[in-house]
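Here is how the chains run, residue by residue.
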Amino acid sequence: MYSRCDLARHLFKVPTPNPNPKNTSMIKTEKIEKPINTASCSGKPCIALTFDDGPGAHTSRLLDILKQRNTKATFFVLGNKVARNTPLLQRMKSEGHGIANHSWSHANLSKLPANEIRSEIVRTNDAIKEATGESPIFLREPYGASNETVQSELRTLGMSSILWSVDTRDWADRDSTIVCHRATSNARSSAIILLHDIHTSSVDAVPCIIDNLTKQGYTLVTIHELLGKTNPGQKYYSG
Ligand code: NI
């Protein structure tokens, strides 16, 4: 779907070279980033697990693991994978998970004109609505790459953008022990943990992640539960 180089940029949040920096602002410098209100989750320490780039071959097994441990997560799905995975989307919804938008084709939205940005978002919203009856309100931009045009489209669509605070780099180290360690060793309340359910090793890490975080006293919640009410067009991150 993307080159090795692009994938590395994605996970390390490295900006792609941009001849006109005014058109692209990376997440670290966005003025409209909004910290998560840590009073969410009814005052209990809580963390959100998020899974990007699916659904895929390992998503069903992941849903089994989450169900077994009575744990909720949020899936940032790619629109082009939704129609052929309708039962998985329906299962996510019926088992209480969050479903959100990760664009149609994993495009770098910050490089696209407004009409193509809108198409990437709206096609995916429509596919999710077709599968589950509900249109998502959250987008995670591929590569975390956004700009004012993307935010403006999101504002128009009544959607917010969700980043992450813990990057497990599960794409680089396909080792469940390492992934679990990265996800849990610096746990803090309101963290958003980034994982990818397209890697079997990431799914293998999930029992360890859930058990470790639970032992540390955290409740695992969806992004919807973590954030409560959100403002369209704003970006949310944590810790
Ligand atoms: Ni992605």
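Going by the structure above, here's the rest.
Conventions adopted
Residues numbered from 1 in each chain as written. Predicted model: local features only at pLDDT ≥ 70, side-chain atom pairs only at ≥ 80, totals over all residues. Heavy atoms only, no water. Donors = N, O, S within 2.8 Å, 3.2 Å for Na, K, Ca; no water. Buried < 20%, exposed > 50% of the residue type's maximum accessible area, 1.4 Å probe, protein only. Axes fitted to C-alpha atoms, helices over the stretch in contact; angles between N-to-C directions. Helix = DSSP H or I, 4+ residues; strand = E, 2+ residues; numbered from the N terminus. Parallel < 35°, antiparallel > 145°, perpendicular 65-115°, else oblique. Left-handed = near helix turned anticlockwise from the far one by under 90°. Contact = heavy atoms within 4.5 Å. Phe/Tyr/Trp six-rings, centres within 6.5 Å; stacked < 30°, edge-to-face > 60°. Lys NZ or Arg CZ within 6 Å of the ring centre and 35° of its normal. Right-handed = clockwise from strand over helix to strand, strands pointing away. Pairing = 2+ DSSP bridges. Core = buried A, V, L, I, M, F, W, Y, C linked by side-chain atoms within 4.5 Å. Disulfide = S-S within 2.5 Å. Polar contact = N/O pair within 3.5 Å; in protein donor to acceptor, adjacent residues only side chain to side chain. Arc of directions from axis to C-beta.

Caption draft 1: Here's a closer look at the coordination of the nickel ion. Protein coordination of the nickel ion is provided by Asp 53 (OD), His 102 (NE2) and His 106 (NE2), with donor distances spanning 2.1 to 2.2 Å. When the donors of the nickel ion are listed by position in the chain, the intervening gaps give D-x48-H-x3-H. Here the two residues His 102 and His 106 agree in accessibility, since each one is buried.

Caption draft 2: Quick look at the packing of helix α4 (residues 114–132) against helix α5 (residues 148–157). Packing of α4 against α5 brings their axes to within 10 Å, and their N-to-C directions diverge by 50°. Considering the angle they form, α4 stands oblique to α5. When the axes of α4 and α5 are compared, the crossing they make is right-handed. Judged by residue contacts, Ala 114, Ile 117, Arg 118, Ile 121 and Val 122 of α4 engage Thr 149, Val 150, Glu 153, Leu 154, Thr 156 and Leu 157 from α5.

Caption draft 3: Molecular detail of the packing of aromatic side chains. Counted according to the given criterion, the structure contains one aromatic pair. Seen from their ring centres, Phe 51 and Phe 75 are 5.6 Å apart, and the 25° between their planes marks the pair as stacked. Here Phe 51, found in strand β2 (residues 46–52), pairs with Phe 75, found in strand β3 (residues 74–77); they are 24 residues apart in sequence, far enough to count as distant. Phe 51 sits in the buried class, given a relative accessible area of 1%. Residue classification places Phe 75 among the buried residues on the basis of a relative accessible area of 1%. Geometry around Trp 104 places Arg 123 over its ring, the cationic atom sitting 3.9 Å from the centre.

Caption draft 4: How the structure looks around the pairing of β3. Alternating residues of β3 divide into Thr 74 and Phe 76 and Phe 75 and Val 77, and every residue in both groups is buried. Tracing the backbone out of β2, into helix α2 (residues 59–68) and back to the parallel element β3 gives a crossover that is right-handed. In terms of strand pairing, β3 meets strand β4 (residues 98–101) through four bridges, oriented parallel. Residue pairing in the sheet places Phe 75 in a bridge with Ile 99 of β4. Traced from β3 through helix α3 (residues 86–94) to β4, the parallel crossover comes out right-handed.

Caption draft 5: Region of the structure containing the nonpolar core. Judged by nonpolar contacts, the single largest core of 34 residues is most densely connected at Leu 49, Phe 51, Phe 75, Ile 193, Ile 209 and Leu 213. Among the secondary structure elements, those contributing two or more residues to this core are β2, α2, β3, α3, α4, α6 (176–184), β8 (192–196) and α7 (200–215). The greatest single-element share of this core, amounting to six residues, is contributed by α7. Excluding residues within four positions of it along the chain, Phe 75 makes contact with Phe 51, Thr 59, Leu 62, Leu 63, Leu 66, Met 92, His 97, Gly 98, Ile 99, Ala 100 and Asp 197. Membership of the second largest hydrophobic core comes to 15 residues, among which are Ala 48, Ile 162, Leu 226 and Tyr 236.

Caption draft 6: Fine view of the state of the cysteines. Under the defined criterion, the tally for this structure stands at one disulfide. With its sulfur 1.9 Å from that of its partner, Cys 180 forms a disulfide with Cys 208. On the S-S bond that ties Cys 180 to Cys 208, the torsion sits near -80°, and the link is left-handed. Of this pair, Cys 180 sits in helix α6 while Cys 208 is found in helix α7, placing the two residues 28 residues apart along the sequence. What makes Cys 180 buried here is its relative accessible area of 2%. Taking relative accessible area as the criterion, Cys 208 reaches 34% and is therefore assigned partly exposed.

Caption draft 7: Region of the structure containing the side chain of Ser 110. Here Ser 110 is to be found in the loop between β4 and α4. Residue Ser 110 is classed as buried on the basis of its relative accessible area of 6%. Side chain to side chain, Ser 110 and Asn 108 meet in a polar contact 2.6 Å long.

Caption draft 8: Highlighting α6. Inspection of α6 places Val 179, Cys 180, Ala 183 and Thr 184 among the buried residues, and these make up the whole buried set. For α6, the angular spread of buried residues about the axis comes to 110°, placing them on one side. Exposed side chains of α6 directed beyond 90 degrees from the buried face belong to Thr 177 and His 181. As for α6, its buried residues are in contact with β7 (166–167), β8 and α7.

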